[in-house]
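# Architecture and fold: a report
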2 protein chains.
Amino acid sequence: MSGQRPLVLAIAGHDPCGGAGIQADIETIHSLGGRALTLVTLLTAQNTRGLHHSWPVPADLLGAQLDLLLEDLRPAAVKIGLLGSAEQAKLLAGRLARLERPVVLDPVLASGAGQPLADGPLIEALRRHLLPLSTLITPNGPEALRLSGEETLTAAAGRLQTLGARWVLVSGGHGPEGEEVVSRLQGPGGVQEAFRHRRRPGNIHGTGCTLSAAIATLLTRGLAPPEAVRQAHRYTARAVAEAVTPGGGAPIPERLDIEF
Amino acid sequence: MSGQRPLVLAIAGHDPCGGAGIQADIETIHSLGGRALTLVTLLTAQNTRGLHHSWPVPADLLGAQLDLLLEDLRPAAVKIGLLGSAEQAKLLAGRLARLERPVVLDPVLASGAGQPLADGPLIEALRRHLLPLSTLITPNGPEALRLSGEETLTAAAGRLQTLGARWVLVSGGHGPEGEEVVSRLQGPGGVQEAFRHRRRPGNIHGTGCTLSAAIATLLTRGLAPPEAVRQAHRYTARAVAEAVTPGGGAPIPERLDIEF
């Protein structure tokens, strides 16, 4: 039966502490019944206190890896996280368009501590090449504004749909402080839904990776996006509530052994 | 309680299919109650049919990653798998000697399909720099002969101990064909133990990674090496017995959801 786990391809950075990046994706995908395939876009030197530097994988190497993978294995969904360059974004777009599977894009533009992780050409490449093939994108507030060029979140979500994203989930973790976090999902035909959950104080490293990988995995079950998002929020909230602090810095979600 | 998972640092290659390398380590470490930290030594383009090419991570980047990790996080054990260069081996040795934690070295010299993955300088660096700080090494037969320069497995195991490895486990998967695989462990003071298990036909991609990561994780429980090896064999045998075939090539061990 375990052979039936759907394959979920996660394309993201590598975080040696395991809080974020492909390890977060692997843990999430497996917890939710998938089997992970992964491609590393960026190697990073970081610990739980912060990111020191990062090193993008050459786009041609990433392309060769993806080609070989897709010759042999057929992912049921794709999650794209942090990318290392505009070239990577273009190259992925060309190949993933032919795959015809749900793509969840987590457009990471800055680290948890606010350091910029995407330059102008990468943002432009996300907009032009990856938004049009995204089933669902999961920007936080600042990312939604930056990607769309709009000044309000409502305008941003609409603009991101116009640019080609079918569903836009603007996560609320960066919104006004308060006990509750509200994330808003907007889809085709004017569908709108809000998701509320309790805020946990402090920055939990890897929350966004967890959410987007969870949505991608849940979409392989054939769930409609609003239901996949609802369940993914529930999973992420549990992982965040159980977060552990393995080092001297940010806690990381506990994605293992959680009851869900 | 989950915060108490011991940290196990896995230093290994990255396999996009997830059969081997850091994903195999992450799955194994987590299944056995640890929490994985990982460093990537080598990116590879491969699928379940074979390895096409590989790209070693620059040694200075690996060093910067390891330094930052160890400033903040304290692994309870280390597993070293495939390395990308002699420089990587030297650099790791200097840093890991100061860590004073059990080190399990899986000296991968060739791919499952027999392609060479280590050149002369890397083999010499493993011998000179990493054997002396290894608590336990897990070569298969051909690797034991090549690393030691001896002509019989018995002589090889003794020579590897003389070169500094405290315990030597020569795994039997590459031995004479037969229904049973026999692996032999040799330790300080002439301790010898044999481990027998049923052979499964064909090459299961990632078996060696699973075994060495399991031993490293079990050593964090304070088990004596023979007991850690016994339990790691049991875990690996279960994962191999449940192996799945996600692509058109080699099966991979099912390290998730196995009862152990």
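In what follows, the structure referred to is the one given above.
As a convention, each chain's residues are numbered from 1 in the sequence order in which they are written. The lettering of chains begins at A and the numbering of ligands begins at 1, in the order of writing. For a predicted model such as this one, the threshold for reporting local features is a pLDDT of at least 70, and the threshold for listing and counting side-chain atom pairs is 80 or more; totals across whole chains, interfaces and linings nevertheless cover every residue. Values shown for side chains rest on all heavy atoms present in the structure; no hydrogens or waters enter the calculation.

## Points about the relation of the copies chain B and chain A
Overlay of chain B on chain A (RMSD 0.0 Å): rotation 180 degrees, translation along the axis 0.0 Å. The superposition of one copy onto the other is thereby described by a two-fold rotation axis. The contact definition used throughout considers only heavy atoms, calling two residues in contact when any of these lie within 4.5 Å. Taken together, the interface assignments show that 100% of the residues at the interface of chain B recur at the interface of chain A, consistent with an identical surface on both copies. In superposing the copies, a least-squares fit is computed on C-alpha atoms, taking residues whose pLDDT is at least 70 in both.

## Points about the nonpolar core
If you look at the biggest cluster of nonpolar residues, it comprises 52 residues, and the most contacted ones within it are L136, L169 and I215 of chain A together with L136, L169 and I215 of chain B. Ignoring any residue separated from it by four or fewer positions in sequence, one finds I215 of chain B in contact with V104, L136, T138, L169, A228, V229 and A232 of chain B. Throughout this description, the term nonpolar core refers to a set of buried Ala, Val, Leu, Ile, Met, Phe, Trp, Tyr and Cys residues connected via side-chain atoms within 4.5 Å. Classification of residues uses two cut-offs on accessible area relative to the type maximum, computed with a 1.4 Å probe and protein chains only: under 20% is buried, over 50% is exposed, and between them is partly exposed.

## Considerations on the interface of chain B and chain A
Listed per partner, the contact involves 46 residues of chain B and 47 residues of chain A. Of the roughly 3900 Å² buried between chain B and chain A, counting both surfaces, carbon and sulfur atoms make up 60%. Buried area, as used here, totals the accessible surface that two parts lose on assembly, with accessibility defined by a 1.4 Å probe and the loss added over both. When residues of chain B are sorted by the area they lose upon contact with chain A, R35, L68 and D72 of chain B head the list and together hold 15% of the total. The working definition used for a salt bridge is a side-chain nitrogen of Lys or Arg within 4 Å of a carboxyl oxygen of Asp or Glu. Taken together, the links from chain B to chain A amount to 4 salt bridges. A salt bridge links R35 of chain B to E254 of chain A; the shortest N-O distance between them is 2.8 Å. Helix numbering and strand numbering both begin at the N terminus, where a helix is a DSSP run of H or I of at least 4 residues and a strand a DSSP run of E of at least 2. Those elements giving two or more residues to the side of chain B that touches chain A turn out to be β1 (7–14), α1 (21–31), β2 (35–47), β3 (50–56) and α2 (59–72) of chain B. The residue classification treats Ala, Val, Leu, Ile, Met, Phe, Trp, Tyr, Cys and Pro as nonpolar and Asp, Glu, Lys and Arg as charged. All others, Gly included, are polar. Residues of the side of chain B that touches chain A, tallied by class, amount to 22 nonpolar, 16 polar and 8 charged.

## Observations regarding the pairing of strand β4 (residues 77–80) of chain B
All names here are of chain B. A two-sided burial pattern is seen for β4, the buried positions comprising A77 and K79 on one face and V78 and I80 on the other. Paired strands are those between which DSSP finds at least two bridges. Note that β1 and β4 share 4 bridges and pair parallel. Residue I11 lies in a different strand from β4, and its bridge partner there is I80.

## Some details on the sheet that holds strand β2 (residues 35–47) of chain A
Residue and element names in this part refer to chain A. Pairing is mixed in the open sheet, where 9 strands are placed in the order β3-β2-β1-β4-β5-β6-β7-β8-β9. Both outer strands of the open sheet, β3 (50–56) and β9 (192–198), are each paired with one neighbouring strand and no more. Here strand β8 (residues 180–186) runs beside β9; their pairing, made up of 7 bridges, is antiparallel. Residue pairing in the sheet places E180 in a bridge with R198 of β9. Running at roughly 160 degrees to β2, helix α2 (residues 59–72) makes contact with β1 (7–14) and β2 of the sheet. Geometry is summarised by axes, namely lines fitted to C-alpha atoms with helices restricted to the contacting stretch, and by angles between N-to-C directions that run from 0 to 180 degrees.

## Quick word on the pattern of salt bridges
On inspection of all chains with the given rule, the structure shows 18 salt bridges over all chains. Between R230 of chain A and E227 of chain A there is a salt bridge; the shortest N-O distance is 2.7 Å. Taken together, the residues span about one helical turn, with R230 of chain A and E227 of chain A both in helix α8 (residues 225–241) at a distance of 3 residues. The exposure class of E227 of chain A is partly exposed, given its relative accessible area of 27%. Linking R127 of chain B and E124 of chain B is a salt bridge whose minimum nitrogen-to-oxygen distance equals 2.7 Å. One end of the pair is R127 of chain B and the other is E124 of chain B, both in helix α4 (residues 120–130) and 3 residues apart, which spans about a single turn.

## Let's talk about the pairing of β2 of chain B
Residues and elements named next belong to chain B. With 13 of 13 residues buried, β2 is to be regarded as a mostly interior element. Here 7 bridges tie β1 to β2, and the two strands are oriented parallel to one another. The partner of A10 across the bridge, within β2, is T38. Sheet topology note: the β2/β3 ladder contains 6 bridges and is antiparallel. The residue bridging L43 from the neighbouring strand is W55, located in β3. Hairpin geometry of β2 and β3 is characterised by an intervening segment of 2 residues between the two adjacent antiparallel strands.

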